[in-house]
Amino acid sequence: MTQLLSVGESVYGKSNLLNCLVYSILLNEEYIDYTYMIDLKEVELYIYSKLPYVKFIDNVEDILELLKEIKQIMNNRFKAMQETGDLLYQGKTLLVIIDEIGTISAYPKKIKDEIYNLMIEIFQKGRAAKIIFLVFALKIDSINLPSNVLANIQSKVLMKTKSDFNINNSIETKESIEDITRVKVTEFNRNRMILKDGITSQKSLIQVPYIDKETEKVYG
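Computed from a predicted model, the values in this text were never measured in an experiment.

**So, the sheet that holds strand β1 (residues 4-7)**
Overall, mixed pairing links the eight strands, which are arranged β3-β2-β4-β5-β1-β6-β7-β8 in an open sheet. Only two strands of the sheet have a single neighbouring strand rather than two, namely β3 (54-57) and β8 (203-207). Ignoring strand direction, the axes of neighbouring strands in this sheet form an average angle of 15°. Bridging between β1 and strand β6 (residues 155-158) involves four bridges; their strand directions are parallel. Looking across to β6, one finds that V7 is bridged to L158.

Okay, structure coming up:
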């Protein structure tokens, strides 16, 4: 599993994918060391904030402190790996879910630069230590997400979007995408998306079921 970025317009599946992944995590909690959920808008992830094995963060200063803590955990795991000769940490996975990462860019330069620099270091080295980030965004242009942060997120999911920047910097060119989908990204149905695997670079067209949070019914 690699760091993952999901990008796309509202209403067309981003939040649904987020909740599908969270439900999967909840069903496989025995494999998870701990889950941190970051949502500065306090909209999508707040409903999970009362779970005993979830820490919910809605304050930018707390994000900075969390990333410092995670960096220390990562270094401790690498130290343990050196002692055992393992190339991959043998313990459980630590997950960090960030909804609307672009909201961080609205904060003062000093704190957001510290946050982004820590993210880059953790994104680069965290996979071997089983520290995985699932990041969600509406836009991934330079205003909302620095290019050096984007470059260090290995796997990417692209949903319906009108932004050429979103397309070119997540999956590849529109022409390359249409070889897979036969449909323009601007014409994707709800929950239709392309996954680019960060290890193999393979691109897959997938359709995620829609889960109604109120009725808990699943729609194909």
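**Side note on the packing of aromatic side chains**
For the structure on display, the rule yields four aromatic pairs. Look at Y34 and Y36: their rings are 5.1 Å apart centre to centre, the planes differ by 55°, and that puts the pair in the tilted class. Judged by relative accessible area, Y34 falls into the partly exposed class, the value being 28%. Centroid distance Y46 to F56: 5.5 Å. Interplanar angle 80°. Geometry classified as edge-to-face. Taken together, the residues Y46 in the loop between β2 (32-39) and β3 and F56 in strand β3 connect sequence positions 10 residues apart.

**A closer look at the environment of S10**
Here S10 is to be found in the loop between β1 and α1 (14-27). Look at S10 and you get partly exposed, because its relative accessible area is 43%. In sequence terms S10 and M159 are 149 residues apart; their C-alpha atoms lie 9.6 Å from each other.

**Observations regarding the packing of helix α2 (residues 60-84) against helix α3 (residues 109-125)**
Where α2 contacts α3, the axes come no closer than 10 Å and their chain directions differ by 25°. Here α2 is positioned roughly parallel relative to α3, judged by the angle of their axes. Crossing of α2 over α3 shows left-handed handedness. Facing α2, whose interface residues are V60, E61, I63, L64, L67, K68, I70, K71, M74 and F78, α3 presents I111, E114, I115, L118, M119, E121, I122 and K125. Within the contact of α2 with α3, the residues separate by chemical class into 12 nonpolar, no polar and six charged.

**What about the nonpolar core?**
If you look at the biggest cluster of nonpolar residues, it comprises 42 residues, and the most contacted ones within it are I70, I115, M119 and F133. At eight residues, α3 tops the list of elements feeding residues into this core. In this structure, I115 is in contact with V60, I63, L64, L67 and I104, ignoring residues within four places of it in sequence. In terms of nonpolar packing, the next biggest core, distinct from the first, is built from 21 residues, L4, I25, M37 and L45 among them.

What counts and what doesn't
Residues numbered from 1 in each chain as written. Predicted model: local features only at pLDDT ≥ 70, side-chain atom pairs only at ≥ 80, totals over all residues. Heavy atoms only, no water. Pairing = 2+ DSSP bridges. Helix = DSSP H or I, 4+ residues; strand = E, 2+ residues; numbered from the N terminus. Axes fitted to C-alpha atoms, helices over the stretch in contact; angles between N-to-C directions. Phe/Tyr/Trp six-rings, centres within 6.5 Å; stacked < 30°, edge-to-face > 60°. Buried < 20%, exposed > 50% of the residue type's maximum accessible area, 1.4 Å probe, protein only. Parallel < 35°, antiparallel > 145°, perpendicular 65-115°, else oblique. Left-handed = near helix turned anticlockwise from the far one by under 90°. Contact = heavy atoms within 4.5 Å. Nonpolar A, V, L, I, M, F, W, Y, C, P; charged D, E, K, R; others polar. Core = buried A, V, L, I, M, F, W, Y, C linked by side-chain atoms within 4.5 Å.

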